[in-house]
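Architecture and fold: a report
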Amino acid sequence: MEDQERFVPQPEDRFTFGLWTVGNRGRDPFGDAVRPTIAPTTIVRELSRLGAYGVTLHDNDLVPIDATPAERDRIVREFKAALDDHHLAVPMVTVNLFYDPVFKDGALTSAAPAVRRFAVDKAKRAMDLGHELGATIFVLWGGREGAEVDAAKDPRDALRWYRESLNELTDHIIRNGYPMRIALEPKPNEPRSDIYLPTVGSMLAFIQTLDHAERVGVNPEVAHAKMAGLNPVHEVAQAIDQQKLFHIDLNDQRIARFDQDLRFGSDDLKGTFYLVKLLEDSGYDGPRHFDAHPYRTEDIEGVWQFARGSMRSYLAYREKVRRFHQDGEIQAVLARIQKLHSEGPAIDGEASLNWWRERGYAYEELDQLVTELLLGMR
Ligand code: GLT
Ligand code: MN
Ligand code: MN
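Heads up: these notes are all about the structure in this document. (Residues numbered from 1 in each chain as written. Chains lettered and ligands numbered in written order. Predicted model: local features only at pLDDT ≥ 70, side-chain atom pairs only at ≥ 80, totals over all residues. Heavy atoms only, no water.)

**Concerning the coordination of the manganese ion (ligand 2)**
Stated precisely, the cut-off is as follows: Note that water is not among the atoms considered, so a metal site may appear incomplete; the donors listed are N, O and S atoms within 2.8 Å of the metal, with 3.2 Å applied to Na, K and Ca. For a four-donor site, all angles between 85 and 135 degrees give tetrahedral; for four or six donors, opposite pairs above 155 degrees with the remaining angles between 65 and 115 give square planar or octahedral; all remaining cases count as irregular. In this description a helix means any DSSP run of H or I spanning at least four residues, a strand means any run of E spanning at least two, and both kinds are numbered starting from the N terminus. Throughout this description, buried means an accessible area under 20% of the type-specific maximum (1.4 Å probe, protein chains only), exposed means over 50%, and partly exposed covers the range between.
Looking at the manganese ion (ligand 2), the protein donor atoms are E185 (OE), E221 (OE), D249 (OD) and D291 (OD), and they sit 1.9 to 2.2 Å from it. Bound by six donor atoms, the manganese ion (ligand 2) shows angles of 75 to 166 degrees at the metal and therefore octahedral coordination geometry. Of note, the manganese ion (ligand 2) draws all its donor residues from one chain, in the sequence arrangement E-x35-E-x27-D-x41-D. Separating the manganese ion (ligand 2) and the manganese ion (ligand 3) is a distance of 4.6 Å, and E221 donates to both of them. Within this pair, whereas E185 is found in strand β6 (residues 181-185), its partner D291 is found in the loop between β10 (288-290) and α12 (300-326), the two being separated by 106 residues in sequence. By the burial criterion, E185 is buried, and D291 matches it.

This is the structure:
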């Protein structure tokens, strides 16, 4: 098949983008917006043209926080019409609990009951909106749920408030009969100095303390794991192992930097390869959701190049995974390694342990083959 045909995304590939990703205007802490706002209905049209499956959103990416009920209904109606026209799904929605100044010291973990009340109610309304749009996943990224000054708030209180809020939200889903599950998204820091529950592992442990743990899973993000200096593949694997990978945010990130939200697969080729391999080999069938930003240097044309590139790269990595499984030499080395483990001396004291002490594992050979595969040499 021609390269141009092979890497053309199709809806069945389940690629999705947040309105806030392609719609990102390039603002950063040191500079203002460099691109105009793109209307959500335009994003729907362009993503569909590029072969995406769906679009995701925060409540306020679509409906401004100060919209009247009538305005809200009109905006949602027009958005739904665009989704229908362009055959795009909304598999996931989320809620913005970080932008409004009222959330500056937390939303679900604010020490102020009034702020927590507002946050929980806002999340419930976002769930209602999501249900109306057909979403079955509700992502919760607690960007402001953290601290700079631990003297001010006992982190145990914060966790208790977090738990109470989540219990109320799962109650809301169940009482309304929504086929919806919550995916908690960990991040170690930024915008807070430290964010509570910073990794997939912390989230998974916390989920077990909730009233309806079966309704709650995780939404790992590649960049967030890297910011914590962790291996995203291992984080995602742990979520899969516990049947908690409800959703995933795909992007890229250099270790030890600010939150970069780089285009998926653009920086760490080997890490991305192993992530795609894990997703494909495990049979993960949820959306492949891109949560990244086009470079600030780009105009609108660059934005669509970014979207197209994200999907093409996923397909290219997926093709590499297929080749990995078909490559005779790679499979032969893997078979040798497996044989070593299954046929090496069994447990019979020092003699067998000494045999294992002296063994080489052929991982250099295997790793070089993977490197050559990624370099296009095989
Ligand atoms: C924000 C954050 C992302 C989250 C989004 C969902 S918003 O851009 O950096 O990682 O997934 O709230
Ligand atoms: Mn994210
Ligand atoms: Mn991010």
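**Some thoughts on the site of ligand 1**
Note the cut-off: Whether a residue is near a molecule or strand is decided by its heavy atoms; if any one of them lies within 4 Å of it, the residue is near. Polar contact criterion, stated in full: a pair of N or O atoms within 3.5 Å, where within protein one must be able to donate a hydrogen and the other to accept it, and residues adjacent in sequence count only if both atoms are side-chain atoms. The classification used treats Ala, Val, Leu, Ile, Met, Phe, Trp, Tyr, Cys and Pro as nonpolar, Asp, Glu, Lys and Arg as charged, and all other residues, Gly among them, as polar.
Residues in close proximity to ligand 1 include W20, H58, T94, F98, W141, E185, E221, H224, D249, D259 and D291, which together make up its full environment. Between an oxygen atom of ligand 1 and a side-chain N or O atom of H58, the distance comes to 2.7 Å. D291 places a side-chain nitrogen or oxygen 2.9 Å from an oxygen atom of ligand 1. Of the residues belonging to the shell around ligand 1, the class tally is three nonpolar, three polar and five charged.

**Regarding the coordination of the manganese ion (ligand 3)**
Angles at a metal have ideal values that depend on geometry: 109.5 degrees with four tetrahedral donors, 90 or 180 degrees with six octahedral donors. E221 (OE), H224 (NE2) and D261 (OD) make up the full set of protein donors to the manganese ion (ligand 3), lying at 2.2 to 2.7 Å. Each donor residue of the manganese ion (ligand 3) belongs to the same chain, and together they define the spacing E-x2-H-x36-D.

**A word on the pattern of salt bridges**
Keep this limit in mind: Definition used for salt bridges: Asp or Glu carboxyl oxygen within 4 Å of a side-chain nitrogen of Lys or Arg.
Enumeration according to the criterion identifies 32 salt bridges in this entry. A salt bridge links D121 to R117; its shortest N-O distance comes to 3.1 Å. With D121 and R117 both in helix α6 (residues 113-133) and four residues apart, this pair spans about one turn of that helix. Under the relative-accessibility criterion, D121 is labelled partly exposed at 26%. Classification of R117 as partly exposed rests on a relative accessible area of 36%. Here E343 ties to K339 by a salt bridge, and the two come within 3.5 Å at their closest N and O atoms. Here K339 and E343 lie together in helix α13 (residues 328-343), a separation of four residues that amounts to about one turn. Looking at E343, the relative accessible area reads 55%, which means it is exposed. One salt-bridge network, in which partners are shared between bridges, spans R6, E319, R322 and R323.

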